[in-house]
Amino acid sequence: MARKFECLAEVWRSQFHMNYYFLTPGPSSYSYGDVSFTPPIENYSKFGSGLQTLSADSCSLDIKKSSRILQSDWFSVNLGWVGSEVFRDVFDEGDVNAVKIDSIVSRTINLEVKKNYYFYEVARQVDCFDLQKSKYSRSRGLVRVCSKCVLDLDKVAGRNYFFVDGICNFNLVVSEHFVNRISANLKGVDLVNVDDAQWRV
């Protein structure tokens, strides 16, 4: 019986004392590109109505800013986020669409693509920014300046990845468990602990 309670206590600690990180494209990452879906999707927006908006079979990407070798594992494009195949098996909770990118080109350089890439749509926003414990200022309903970011872990409820609703930090938040499941060393990505995150927009 005592062992059972020890196991339950360990589960509780792992869920409510887990570290969380903003998955942030690094300074050497690829900051912009145009996505084209096949078949075409009209008026698609990353701030749209969720997974039902993305029904493409594949897509192509025209990189606007990059080095000659594309090997970053996670970066932003005009309509959302692009990641390498290492994320496919980690996004496994039923609220992510992964559309294969079958063509990546650059109009300015000869681009060497090192990995297989997908356009990822994550339909999960959580209203978990702790307004009582964080240090911030808001404008037009959004947290645009933050010097101390605290998440309400009761609202996070053990989720392994999500976007935080109501803040001007649009990077995906991932759990320590999520990070540990990615076997490869991430390239072109900074894992910024939520406790250390600051922004001004």
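Above this text sits the structure in question.
The present account deals with the structure reproduced in this document. (Residues numbered from 1 in each chain as written. Predicted model: local features only at pLDDT ≥ 70, side-chain atom pairs only at ≥ 80, totals over all residues. Heavy atoms only, no water.)

**Looking at the overall build of the chain**
So, point 1. Regarding its fold elements, the chain presents three helices and 16 strands.
So, point 2. The buried share of the chain, reckoned over its 201 residues, is 42%.
So, point 3. In the chain, of all internal contacts separated by at least 6 residues, the share reaching a separation of at least 24 is 74%.
So, point 4. Carbon and sulfur atoms provide 46% of the accessible area of the chain, an area that totals close to 11300 Å². (Helix = DSSP H or I, 4+ residues; strand = E, 2+ residues; numbered from the N terminus. Buried < 20%, exposed > 50% of the residue type's maximum accessible area, 1.4 Å probe, protein only. Contact = heavy atoms within 4.5 Å. Areas by Shrake-Rupley, 256 points an atom, 1.4 Å probe, with all protein chains shown as cover.)

**Some points on the pairing of strand 1 (residues 20–25)**
Successive residues of a regular strand alternate their side chains across the two faces of the sheet.
So, point 1. Of all six residues in strand 1, five are buried, a share of seventy percent or more.
So, point 2. As paired elements, strand 1 and strand 14 (residues 172–175) share four bridges and run antiparallel to each other. Paired with Tyr20 across the strands is Ser175, a residue of strand 14. (Pairing = 2+ DSSP bridges.)

**Thoughts on the sheet that holds strand 11 (residues 135–139)**
So, point 1. On the basis of which strands lie adjacent, the open sheet formed by three strands has the order 11-12-16 and antiparallel pairing. The sheet is open, and its two edges are formed by strand 11 and strand 16 (199–200), each paired on a single side.
So, point 2. Where strand 12 (residues 142–148) lies against strand 16, two bridges are found, and the strand directions are antiparallel. Paired with Cys146 across the bridge in strand 16 is Trp199.

**Re the pattern of salt bridges**
So, point 1. If you walk through the whole model with that rule in mind, you get two salt bridges.
So, point 2. Residue Asp73 pairs with Lys115 through a salt bridge whose shortest N-O separation is 2.9 Å. Here Asp73 is found in the loop between strand 4 (69–70) and strand 5 (74–77), whereas its partner Lys115 is found in the loop between strand 8 (112–113) and strand 9 (117–122), with 42 residues between them in sequence.
So, point 3. Of the charged contacts, one joins Glu112 and Lys114 as a salt bridge, the two residues approaching to 3.1 Å between their closest N and O atoms.
So, point 4. Take Lys114: its relative accessible area is 47%, and that puts it in the partly exposed class. (Salt bridge = Lys/Arg side-chain N within 4 Å of Asp/Glu carboxyl O.)

**Side note on the sheet that holds strand 15 (residues 189–193)**
So, point 1. Read across the open sheet, the five strands follow the order 10-13-14-1-15; overall the sheet is mixed. Two strands in the sheet have a free side with no partner beyond their single neighbour: strand 10 (125–126) and strand 15.
So, point 2. Of the pairings in the sheet, the one linking strand 1 to strand 15 comprises five bridges and is antiparallel in character. Of the residues in strand 15, the one forming a bridge with Pro25 is Val189.

**Structural notes on the packing of aromatic side chains**
So, point 1. Applying the stated criterion across every chain, the model contains 18 aromatic pairs.
So, point 2. Ring geometry for Phe87 against Tyr120: centres 6.3 Å apart, planes inclined by 70°, an arrangement best described as edge-to-face. Within this pair, whereas Phe87 is found in the loop between strand 6 (80–84) and strand 7 (96–106), its partner Tyr120 is found in strand 9, the two being separated by 33 residues in sequence.
So, point 3. Under the relative-accessibility criterion, Tyr120 is labelled buried at 2%.
So, point 4. Linked through ring pairs, Trp74, Trp81, Phe87, Phe91, Tyr118, Tyr120, Tyr161 and Phe178 together constitute an aromatic cluster.
So, point 5. Stacked on the ring of Tyr118, the Lys or Arg Lys100 has its end atom at 5.9 Å from the ring centre.
So, point 6. Here the basic side chain of Arg124 rests over the ring of Tyr161, its NZ or CZ set 4.9 Å away from the ring centre. (Phe/Tyr/Trp six-rings, centres within 6.5 Å; stacked < 30°, edge-to-face > 60°. Lys NZ or Arg CZ within 6 Å of the ring centre and 35° of its normal.)

**Considerations on the side chain of Ser84**
So, point 1. With respect to the helices, strands and loops of the structure, Ser84 is situated in strand 6.
So, point 2. Not counting residues up to four positions away in its chain, the partners in contact with Ser84 are Asp73, Lys115, Asn116, Tyr117 and Tyr120.

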